[in-house]
Amino acid sequence: MSAPEPNEIALERPAVAGPASAPVAKPEGRFWTGRNIAIGAGVIVALTAPLVAHNFIIFQLTLVMIYGLAILGLNLLTGFNGQFSLGHSAFYGIGAYTAAILMSQNVDYYWTLPCAGALCFVVGFLFGLPALRLQGIYLALATFALATAMPQILKFEPLEPWTGGVQGIPLLKPDPPPGVPLNPDQWLYYFTLAVLLIMLAGAASLVKSRTGRAIMAIRDHPIAAVAMGIDASLYKTLTFGVSALYTGVAGALGAIVIQFVGPDSFPFLLSVSFLVGLVVGGVGSIPGSLVGGVFVLFVPNLAEQVSTGLSGAIYGVILLIVIFVMPSGAAGLVRLAAARLPFARKIRAARSS
Amino acid sequence: MKQITRRSILAAAPATLALAAIPARAAKNYGPGVTDTEIKIGNTGPYSGPASSYGTIAKSEAAYFRLVNDQGGVNGRKINFISYDDAYSPPKTVEQVRKLVEEDNVLLVMSPLGTPTNSAIWHYMNQKKVPQLFVATGATKWNDQKHYPWTMGWQPNYQSEGHAYAAYILQNKPDGKIALLYQNDDFGKDYLKGVTDGLGDKAKMIVLAAPYETTDPTVDSQIISMKAAGADVFVNTGIPKFAAQAIRKAAEIEWKPLHILASVGNSVGATLKPAGLQNAKDIVSDFYIKDPTDPQWQNDPGYLQWVAFMDKYYPAGDKTDGGNVVGPCFCQTLVQVMKQCGDDLTRENIMKQAANLHHFRVPMLLPSIEINTSPTDFAPIKQIQMARFDGQRWQLFGPVINGQAPA
């Protein structure tokens, strides 16, 4: 149960009793904020896109959502809780392999998501325990070690009967349920969208709750937070677990959509991509994670179109420009625009009067 | 003028029927990506990332197809070669190949590079029935026409090379202690299996099989361990960057084993020069392609043709890099397949003709090596020849060895 926000309390208190004919101040326009309109428009576009786009674009959009979800996981840990992680490719890989191993044992694809999430939560939580002793760059190194170890663990011979070793595990694309007039790519898109929306809502409500405030307090003023009675150790490890859960579910979805998992699919570079997406989208911004997903998928393709030979350099240049122009990420840019644009100022003036 | 009588009509009938039949035989049958003037061919390769030294193969292929187009194309059709970067990352390969097949509508995908990357698209290509032709990797699993009828390799597979190395060792150093450097993935383990199987019950000659990852900065520690283990035979199956490091380190620590270098890493330009030519003396390797730095081919027509091609169409390409030789060879094989297809350019016929190559030679293959395929044999090249490096060039020796066709 979340405590009401301060301005909500102010509005709930009725206006001072005046003449009977004067109407009670109605919180008009509260629902149709710019933010909600943007979200609504986004959802409408997201729902209709697969009905008009080619299968390949649908496939790419599904991947954007998956990377966005993975970046959201990282955001919960780094953006909201201040714990740096270069190891999220490991959680993504664990989630992916969980899905692959279960599906090759004929488990239905939708059951693999909660399993991947649960396993990654446990792994994340367990990793979070020793991580309590580490701060900043030392935590970064520890998570880097996890990311580097993952491909080799996946190739480890004794584990081969389960992981398929270097050959990896191919997966079959799931068919839509009988009676649904969608092709497999469209179905996977909607399935991913549904999972994404549920998890976005979960993240948003987590962040707005008391737990969320505790998590952010630990990020902002760890000593003050502990002094106020917040159990920092518990919240930090729980956040690690939840963060790993989110990225693990993304990994499971990724495995289903790409239809293949192999040890070389989850290198350390993937962690770096997630970090890039996190920063570009906006650290500490939930919708920003999706912008990060768009960046991580499409900008390398864009760079390749400009020049195949220099695609890496061009990607670097684009990234530098983005960071320079939007130092707080896309979310920061939106906030800035909302604050500066004239009509936004008018709305705020009207609201405060 | 002859009168048109009934008899003359009857006499002309067989000729007319014959004439009517000919257009039917030459009927145009087009798969996706084919028109009267163009054939779209797809490809993916590592233009960036840890394997980017192999990106030159795709660049040389693009250049070679420009030559083919300048000479009028294949049966009057120009080749539109669409190649994308996959950075040697399997998920990226899936994305790029889906783009090629679903958005660009290519007829086939030619020589995608890498074992993990090809593994990722293997099922997709066979499910969609798109030819995955002449994959640029020697993994043995590509020649499985029974289960994967749309996938075909090209180069001798790694296991048969491993067998050849094992045979060479048993012949020349039957009491040796073998150390093996291999890449910790499909490709490296294929070599390891080939050597181990080839040694049979002498497999315990292997005292140390040391893996490396493509993300490792060096393999120095592996080489030091090999010397420490007392190995006097070294099978070096690293890709150029790591093969070079291994050669250099072995020379540095004064370890002089019988050094067998695998064909993937035996390029003078990509491996031996960075390693130091004097350090590479007496190294033995296997070849199926002419090494462009070998003076014995200086006046060979095939070599001269290749140099002329590089000078005109890919002047920035390194003429000492074997990758730039193998690319045009893939192209020439594909051109032969398309020529054999004639106007029946469907995906089915492409696979049928690819499995129908007999005694086909391309100019840069060693003189006694041929390409042969059949519906039960999807391994185009099975023969190799050994060579020794004398400090300046590779000297071929011995007979052509017939690698076993995979089971």
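Residues numbered from 1 in each chain as written. Chains lettered and ligands numbered in written order. Predicted model: local features only at pLDDT ≥ 70, side-chain atom pairs only at ≥ 80, totals over all residues.

**Q** Could you give an account of the overall build of chain A, with specific residues and numbers?
**A** Within chain A, the regular secondary structure consists of 16 helices and 2 strands. For chain A, the residues scored as buried account for 43% of the 353 residues in total. Relative to all contacts within chain A whose residues are 6 or more apart in sequence, the contacts with residues 24 or more apart total 77%. (Helix = DSSP H or I, 4+ residues; strand = E, 2+ residues; numbered from the N terminus. Buried ≥ 20, exposed ≤ 12 C-beta atoms within 10 Å, placed from the backbone. Contact = placed C-beta atoms within 7 Å.)

**Q** I'd love a proper account of the domain arrangement of chain B, names of residues and values included.
**A** All names here are of chain B. Per the domain assignment, the segments of chain B are domain 1 (38–156 + 298–376) and domain 2 (158–287 + 387–402). One C-alpha centre belongs to domain 1, the other to domain 2, and the line joining them spans 27 Å. Contacts between the two partners involve 18 residues from domain 1, matched on the other side by 18 residues from domain 2. In terms of residue class, the side of domain 1 that touches domain 2 is built from 7 nonpolar, 9 polar and 2 charged. (Domains from an automatic or database assignment. Nonpolar A, V, L, I, M, F, W, Y, C, P; charged D, E, K, R; others polar.)

**Q** Give me the interface of chain B and chain A: which residues, what numbers.
**A** One frequently used descriptor of interface size is the decrease in accessible area upon assembly of the parts. Contacts between chain B and chain A engage 22 residues on the former and 23 residues on the latter. Breaking the side of chain B that touches chain A down by element, the ones donating at least two residues are β3 (78–85), α3 (90–103), α4 (115–128) and α6 (186–199) of chain B. If you tally residues by element for the side of chain B that touches chain A, the top one is α3(B), at 7 residues. Its residues assigned to classes, the side of chain B that touches chain A shows 8 nonpolar, 5 polar and 9 charged.

**Q** Explain the sheet that holds strand β2 (residues 38–45) of chain B to me, using residue names and the numbers behind them.
**A** The strands making up a sheet associate through backbone hydrogen bonding, with each pair oriented either parallel or antiparallel. All names here are of chain B. Strand order in the open sheet made by the 4 strands is β3-β2-β4-β5, with parallel pairing throughout. Each having just a single partner strand, β3 and β5 (132–133) make up the two edges of the open sheet. Where β2 meets strand β4 (residues 108–110), 2 bridges bridge the pair, whose relative direction is parallel. In the sheet register, isoleucine 41 faces β4, and the bridge partner there is leucine 108. (Pairing = 2+ DSSP bridges.)

**Q** Summarise the pairing of strand β12 (residues 383–389) of chain B; cite the residues concerned and give the values.
**A** Residue and element names in this part refer to chain B. Of all 7 residues making up β12, 5 are buried, and the element is well covered by its neighbours. Where strand β10 (residues 284–287) meets β12, 4 bridges bridge the pair, whose relative direction is antiparallel. Across the sheet, the residue bridging to aspartate 286 is methionine 386, located in β12. Between the end of β12 and the start of strand β13 (residues 394–402), which pair antiparallel, lie 4 residues, with glycine 391 showing a positive phi angle near 105°.

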